[in-house]
Every structure is written in structure tokens, then in C-alpha cells.
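Here are the chains, one letter per residue:
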Amino acid sequence: MAGATIPGRLTWQVATVVDVRSETPRARTLVLDVPQWPGHRAGQHVDVRLVAEDGYQAQRSYSIASAPEDSSVELTVERIDDAEVSPYLCDVLRVGDGLEVRGPIGGYFVWDIAQGGPLFLVAGGSGIVPLMAMLRHHARASSAAREGVPVRLLYSARTWDDVIYRDELERLAEAPQVQVSLSLTRDAPADWRGYRRRIDRAMLEEVSWPASETPRVFVCGPTPLVESVSTLLVELGHDPARVRTERFGPTG
Amino acid sequence: MADKPFVARGFHSKRAVSPANRLPPGQYETRDFPVLSAGPTPRASLATWDFTIRDGDGRSVRWTWDELQSLPHDTPTVDIHCVTKWSKFGTRWEGVSIDTLLDAARAGGVLGGAFILAFCDGGYTTNVPLADVTGGKAWVAFGYDGAPLPPEHGGPARLLVPHLYFWKSAKWVRGLQLLERDEPGFWEKLGYHDRGDPWREQRYQGD
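All residue numbers refer to position in the chain's written sequence, counted from 1. For this description, chains carry letters from A and ligands carry numbers from 1, given in the order in which they are written. Per-residue local features of the predicted model are confined to residues with pLDDT of at least 70, and side-chain atom pairs are confined, for both listing and counting, to 80 or more; whole-chain, interface and lining totals are unaffected and use all residues. Note that water and hydrogens are dropped before the side-chain values are worked out from all heavy atoms of the structure.

Trainee: Where do I start with the overall build of chain B in this structure?
Mentor: In terms of regular secondary structure, chain B is built from 3 helices and 11 strands. Secondary structure elements are defined from DSSP: runs of H or I of at least 4 residues count as helices, runs of E of at least 2 residues count as strands, and each element is numbered from the N terminus. The N-to-C order of helical and strand elements in chain B reads β-β-β-α-β-β-α-β-β-β-β-β-β-α. Only the C-alpha atoms count toward the radius of gyration. The rule for a globule is 2.2 Å times the residue count to the power 0.38. Here the C-alpha radius of gyration of chain B, 18 Å, is about what a compact globule of 207 residues would show, namely 17 Å. C-alpha extents for chain B along the principal axes are approximately 60 × 35 × 30 Å. Within the span of chain B, comprising 207 residues, buried residues form 56% of the whole. Across chain B, contacts joining residues at least 24 apart in sequence account for 67% of those joining residues at least 6 apart. As displayed, chain B offers around 8,900 Å² of accessible surface, 52% of which is attributable to carbon and sulfur atoms. Each residue's exposure class comes from its accessible area (1.4 Å probe, protein chains only) as a fraction of the maximum for that residue type: buried when under 20%, exposed when over 50%, partly exposed otherwise. Here, residues are in contact when the closest pair of their heavy atoms is within 4.5 Å. Only the protein chains shown count as cover for residues, and the accessible areas themselves come from Shrake-Rupley with a 1.4 Å probe.

Trainee: Hey, could you run me through the sheet that holds strand β4 (residues 57-63) of chain A in this one?
Mentor: Sheets are built from strands that pair by backbone hydrogen bonding, the pairs being arranged parallel or antiparallel. Residue and element names in this part refer to chain A. A strand pair is defined by DSSP finding two or more bridges across the two strands. In spatial order, the strands read β4-β3-β6-β1-β2-β5; together these 6 strands make up an open sheet with antiparallel pairing. One side of each edge strand has no neighbouring strand; the edge strands of this open sheet are β4 and β5 (73-78). Put simply, the sheet's adjacent strands are angled 40 degrees from each other on average, direction ignored. Sheet analysis places strand β1 (residues 13-24) next to strand β2 (residues 27-33), joined by 7 bridges and oriented antiparallel. Each residue of the ladder has a partner; that of Val20, found in β2, is Leu30. Each axis is a line fitted through C-alpha atoms, and for a helix only the stretch in contact is used; angles between axes span 0 to 180 degrees, taken between their N-to-C directions.

Trainee: I'm lost on the interface of chain A and chain B in this one. Help?
Mentor: Interface extent is often summarised as the accessible area lost during association of the parts. Listed by partner, the interface residues are 51 residues for chain A and 37 residues for chain B. The rule for a salt bridge is simple: a side-chain nitrogen of Lys or Arg has to be within 4 Å of a carboxyl oxygen of Asp or Glu. Taken together, the links from chain A to chain B amount to 4 salt bridges. Among the ionic pairs, Arg9 of chain B bridges to Asp97 of chain A, the shortest N-O distance being 2.4 Å. A 3.5 Å cut-off defines polar contacts: any pair of N or O atoms within that distance qualifies, except that in protein one atom must be a possible hydrogen donor and the other a possible acceptor, and neighbouring residues in sequence count only when both atoms are side-chain atoms. Along the contact surface separating chain A from chain B lie 17 residue pairs in polar contact (both at pLDDT 80 or more). Residue polarity is assigned by list, with Asp, Glu, Lys and Arg as charged and Ala, Val, Leu, Ile, Met, Phe, Trp, Tyr, Cys and Pro as nonpolar; anything else, Gly included, falls into the polar class. Per-class residue counts for the side of chain A that touches chain B are 23 nonpolar, 14 polar and 14 charged.

Trainee: Just checking my understanding: could you explain the pattern of salt bridges for this structure?
Mentor: Side-chain pairs of opposite charge can arise whenever the charged atoms involved come near each other. All names here are of chain A. Scanning all chains against the criterion turns up 31 salt bridges over all chains. Note that Arg197 is salt-bridged to Asp200, the shortest N-O span being 2.6 Å. Relative accessible area serves as the criterion here: at 25%, Asp200 is assigned to the partly exposed category. Through salt bridges with shared partners, a single ionic network connects Arg21, Glu23, Glu74, Arg136 and Glu168.

Trainee: Can you help me understand the sheet that holds strand β8 (residues 151-159) of chain A in this one?
Mentor: Residues and elements named next belong to chain A. As summarised here, the arrangement of the 5 strands in space is β9-β8-β7-β10-β11, forming an open sheet in which the pairing is parallel. Either end of the sheet is taken by a strand with one partner, and the two such strands are β9 (178-187) and β11 (243-248). For this sheet the average axis-to-axis angle between neighbouring strands, irrespective of direction, equals 10 degrees. Direction of pairing for strand β7 (residues 119-124) relative to β8: parallel, over a ladder of 6 bridges. If you follow Leu121 over to β8, its bridge partner there is Leu153.

Trainee: Looking at this structure, I do not really get the nonpolar core. What am I missing?
Mentor: Grouped burial of nonpolar side chains is what soluble globular proteins tend to show. In this description, a nonpolar core means a group of buried Ala, Val, Leu, Ile, Met, Phe, Trp, Tyr and Cys residues linked to one another through side-chain atoms lying within 4.5 Å. By size, the foremost hydrophobic cluster in this structure holds 43 residues, and its most contacted members are Phe51, Ile53, Trp63, Leu68, Ile98 and Leu101 of chain B. For this core, the elements supplying multiple residues, two or more each, are β2 (50-54), β3 (60-64), α1 (65-69), α2 (98-107), β6 (115-120), β8 (139-144), β11 (173-179) and α3 (186-189) of chain B. Of the residues forming this core, the biggest block, 4 residues, is contributed by α2 of chain B. Not counting residues within four places of it along the chain, the set of residues in contact with Ile98 of chain B comprises Val133, Ala138, Trp139, Val140, Leu159 and Leu176 of chain B. Counting 34 residues, the second largest nonpolar core, distinct from the first, contains Leu121, Ala141, Ala157 and Leu184 of chain A.

Trainee: Mind showing me how you'd approach helix α6 (residues 223-235) of chain A here?
Mentor: Given 3.6 residues per turn, any residue in an α-helix points the same way as the ones three and four places further on. All names here are of chain A. Expected span of a helix, by definition, is 1.5 Å for each gap between consecutive residues, and there is one gap fewer than residues. The terminal C-alpha atoms of α6 lie 18 Å apart, and with 13 residues this matches the ideal 18 Å at 1.5 Å per residue to within 8%. The set of residues buried in α6 consists of Thr223, Leu225, Val226, Glu227, Val229, Ser230, Leu232 and Leu233. Buried-residue contacts for α6 involve β7, β8, α5 (201-207), β10 (216-222) and β11. Looking one or two places after α6, you find Gly237, whose phi comes out positive at around 105 degrees.

Trainee: It is not clear to me how unusual backbone geometry should be interpreted in this structure. Could you clarify?
Mentor: Gly117 of chain A connects to Pro118 of chain A through a cis peptide bond whose omega is -5 degrees. Mapping Pro118 of chain A onto the fold places it in the loop between β6 (98-105) and β7. Omega for the peptide link from Gly155 of chain B to Pro156 of chain B comes to 15 degrees, which places this bond in the cis form. If you check the backbone angles, Tyr165 of chain A has positive phi at about 60 degrees while not being a glycine.

Trainee: Please clarify how the packing of aromatic side chains should be interpreted in this entry.
Mentor: Residues and elements named next belong to chain B. Ring pairs shown here join Phe, Tyr and Trp side chains whose ring centres sit within 6.5 Å, with only the six-membered ring taken for Trp; geometry is labelled stacked below 30 degrees between planes, edge-to-face above 60, and tilted in between. Inspection of every chain in the model, using the stated rule, returns 21 aromatic pairs over all chains. For the pair Phe33 and Trp86, a centre-to-centre distance of 6.1 Å together with 70 degrees between the ring planes defines the contact as edge-to-face. With Phe33 in the loop between β1 (28-29) and β2 and Trp86 in strand β5 (residues 86-97), the pair connects residues that are 53 residues apart, well separated along the chain. Aromatic pair Trp49 and Phe51: ring centres 6.3 Å apart, planes at 25 degrees, arrangement stacked.

Now the structure itself:
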């Protein structure tokens, strides 16, 4: 196998960290220069491999946050305390370091503007990351292409400070085709006018398009949220084949 | 394993050492049982549920839920390995061996097959070499940890092929199509490996 290049094979390559951005107290974006990046579709992920001096290795999967149109590949990582990989990526890794990645991976939880809409995105916590790639892809499309594709995002986070990409989401929501609804489940600012509860049937009925509009739906977050939201959407008449899910287990 | 790993500056293991020879490369042990599925969880009625083995010429044998339950049960305790990197040790299942079902299907005139394509409620499919689901290595499982298998983990019944990555253990399974030639299933068409042996780290096509 040494040196052999198998067509279509996903090979490991060393990316360089060219920038890091703190998104929330617990989440950080890594901006990577990947020398031979074949391009990706919004919603895909990469595998990251860390090898220690003694040969010990750990691998994890992280969703890509950047749009296919962006020149660099961005990953947003949420720190899980007492874990092995996410604290390294959030606290130890710095600009100039190398990071082994391979990808992109996954071809089902993906969306291209050519597929059209309406597009309904539901995120819980760091489940926003692959959906952000879709929103950014939408924002970078031509205004003509964007016009026919309205997007609604329903994003549940614990507190205002836990809302990843908060400022950018506010800016994206200024576009007439984009609507962003937030729900803060644990603690909200005194003047908060958004939702303050877990996503439920009434909230989905208010925010989503009716099933008769046949939106494409992408749901990403912790398993209880994804199970509950996808089940409710099917009960509300949405075709299960149009509801695509990605569930975040504990990815330490 | 030809790639020479790049050492990550300042990275050290924080995990207790897993039992020797129990963790395939690139995996970590979890005590949870994460759920991963591509769409909403289907809800099947046991009154109309059935399981079918069919061959390429349309011959088939079919079991209702009660008929499946009346077959001899196995209670395997196995380690499972998900391609998303987690492994879980010592999981306890209850189910019917694929050997038992295939023997009955052969007796019923179902022929051939070097590969299987498992098909499921919700439209999921996965392909597995026949040799990987025979010889006491695979089951149709409907019990987990002493209770009925919950829907989010594939209930009422899922395929259990624990020696391969867990996407091969298709949730909400409804039958097996016997094939003479390998035919990629749902994830396999999207770049995942046709066999998926975790010990050879066959995660993606070309691995």
C-alpha cells in the first residue's frame, strides 16, 4: 500500500491552522489550510486524527462550518470537559500547528442551492455547525438563486452566551429570504423576546413551513432533540424522506 | 496503514488504557450507547411486521413477528464498533441467528447468494458478504440488555453483525436480499466501505 494512490481514496493530510476564533466560552473555530482539499458540500464532515509521541492515536469526526465557496476549511469544536480531543483542539492547538485531517465525508446530510427549498434547519447546541455551512452556502449564492430559496433556522441553545455564530446569524437574518428563530432553554437575558423552552410541537408549527410546502428539512443536535423534532415533524405530515438528521453523540 | 502518522504537538492520551486487543485502531471506548440515524425513527406495528429472505429469482421465505419469536433465540454478548469512532464493550443482545433463518430459507427453496443486501423500514439498505452473516456471526436482534430493543436503537428488530462497523447492523431491518454480486447499500453508495472490518480500519471506500 505504501505510496499507492487509490482513486477516490480518502487520504490523511496535514492541514495548517491559519486562524482560530473563539465563538463562545465553550466553542472555538479552527481555520485550516488543507493543501489538497477536493472541495466539499455543505453538511459534510472531516475526520481528525491526533497521534501522540508514544504512538497513541485518537480520531474524531467534526462537521465543516465553512461554505464550499470558502478558500479555507473551518471546523467549529465544542469543548467537552474531561475529554481527550476537544480540549486539545480548543485549548492547546494554536496558529501555525499542523492537524491531520481526511475528508470530506458523508453525502446524505448535505444541501446545495441547486436542490432548492424551502429549507428548514433545526439545530440544538453545536448541531448548528453543519447547518451554518448550508446558511453560508446560501448567502454566497447569486441573488437570483437565493431569491427562490427561502430559509428558516430554528436554533435551540442553553443561554445567550452559548449561541454559536451569534453576530453572523443576526447579519444573515437581515436577508429577506432568511429567518432565524432562537430558543434559550436555560437562561435568557431580561429583555429576551425569543423562545425560552425546548423545541416543541407548537414551536415547530409556528416556525416551520407546513408539510404542504414540502420543505427540505435538516435536523442536527443531541439525540433527544433530534428524536423529538424529527418525530414531531413526521406527525405534522412531513415526508420522512425529506427530513434528514445528524445526531451528535458525546464526541470527546 | 501505510501513512506515516504526523505527531500532534502537545497531544497526550488522557484515557485509561483499554483492555488489550479489544479496541480497533482509531476507536475509543464509550459507556453510553450513542444513536446515529440518517432520518426520523420509523415506528413499526408488530401486527404487520414481517421478515423476508429472498433470492434473485424472486423466491422468498417470510416470517411474521410471532413466527420469528418461535425460533430458537441466542443471547450474544459482544463488543460493537461504530465508524464514528466509538466502541462499546460487552453489549448484551437477544435474537435469532441468521444461520437459523438461512437454513429455513434454503429448505423453502431460496437459492444462491454470495452477498446480502439488508433492507429496512425507512428505506435504509446495507450490503454484507454472505460469509460475514453466517457461521454464528450475525443475528436478527430484538432484545437489548434484557428488554425489547428500543425504536431509536433499531427496534423492533435490527441486524446484528458485531464484527463489522455498526452501520452494517441495519436498524429496523425487514429482510435480506441474496445477491450474486456485491451491490452497495445506503452508506456504501456515499463512500463508505463495502465490507467495513474495524480491525482493518475499512471505514471508507479504498481503505
